[in-house]
Amino acid sequence: MTKKLLILLFFLGSLLVESQNLVWNTNVVDAIELSNEQRKPLLIYFTAGGTSDKIQNEIFKTPDFESWSSKNVILVKLDFSDTSASDSVRDQNISLRNAFGIDELPQVCYATAAVRKGKTSFNSLGKLAYKSGNVKAWISESDLLLNPE
């Protein structure tokens with residue numbers, strides 16, 4: 001009985017660890033390259049220290065979100081409280097925040113980007129602020145923004 005319980009705990013533990021293996025890009029240039037290679041839009045997560053962790057805990061740290069995001073988007077996290085970011089990265093992040101009209105943190109913006117002649121242009125697909133609810137509702141709302149048919 002103890003052996004079976006240990007095996008069950010090991011299995012459940014590995015599932016929990018696996019559900020937190022999201023890869024968040026912090027370099028927008030790299031993320032744009034991935035986005036264009038994989039033909040997936042960017043999910044840009046604007047955040048800062050001191051903002052609510054609810055979106056992290058109720059949405060991003062769920063197996064449903066991990067599965068959905070790996071198939072549908074390239075994840076980008078722009079943390080305005082990151083002290084290790086260079087001045088140029090901070091300036092770039094502020095420019096993106098202003099360009100997308102992000103007025104509250106945390107907030108998610110979906111976009112595509114193209115680079116032509118060294119100039120990057122973004123096409124905003126829509127924004128989502130965190131609303132209390134469940135991950136399935138959040139994913140449904142995201143799907144409506146990404147596939148507005």
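Up top is the structure these notes are about.
Residues numbered from 1 in each chain as written. Predicted model: local features only at pLDDT ≥ 70, side-chain atom pairs only at ≥ 80, totals over all residues. Heavy atoms only, no water.

*Asks:* Talk me through empty space enclosed by the protein; I want residue IDs and the actual numbers.
*Replies:* The full count for this structure, using the stated rule, is one cavity of 30 Å³ or more. If you trace the largest cavity, you find it lined by D79, F80, S81, D82, A85, R90 and N93. A breakdown of the residues in the lining of the largest cavity according to their chemical character gives two nonpolar, two polar and three charged. (1 Å grid on protein atoms, 1.4 Å probe; cavity = no way out; pocket = protein on both sides within 12 Å on 5 of 7 lines; lining within 4 Å. Points joined across faces, edges and corners; volume = space filled by probe spheres on them. Nonpolar A, V, L, I, M, F, W, Y, C, P; charged D, E, K, R; others polar.)

*Asks:* Describe helix α2 (residues 28-38), naming the residues involved and giving the relevant values.
*Replies:* V28, A31, I32 and S35 are the residues of α2 that are buried. In a view along the axis of α2, the buried residues occupy a sector of 100°, so they form one face of it. Away from the buried face of α2 by more than 90 degrees, exposed residues V29 and E37 are located. Tucked inside the fold, the buried residues of α2 contact β1 (42-47), β2 (74-79), α5 (87-99), β3 (107-116) and β4 (119-129). Measuring from the side-chain oxygen of the N-cap residue of α2 to the backbone nitrogen of V29 gives 2.9 Å; that N-cap residue is N27. (Buried < 20%, exposed > 50% of the residue type's maximum accessible area, 1.4 Å probe, protein only. Helix = DSSP H or I, 4+ residues; strand = E, 2+ residues; numbered from the N terminus. Arc of directions from axis to C-beta. Contact = heavy atoms within 4.5 Å. Polar contact = N/O pair within 3.5 Å; in protein donor to acceptor, adjacent residues only side chain to side chain.)

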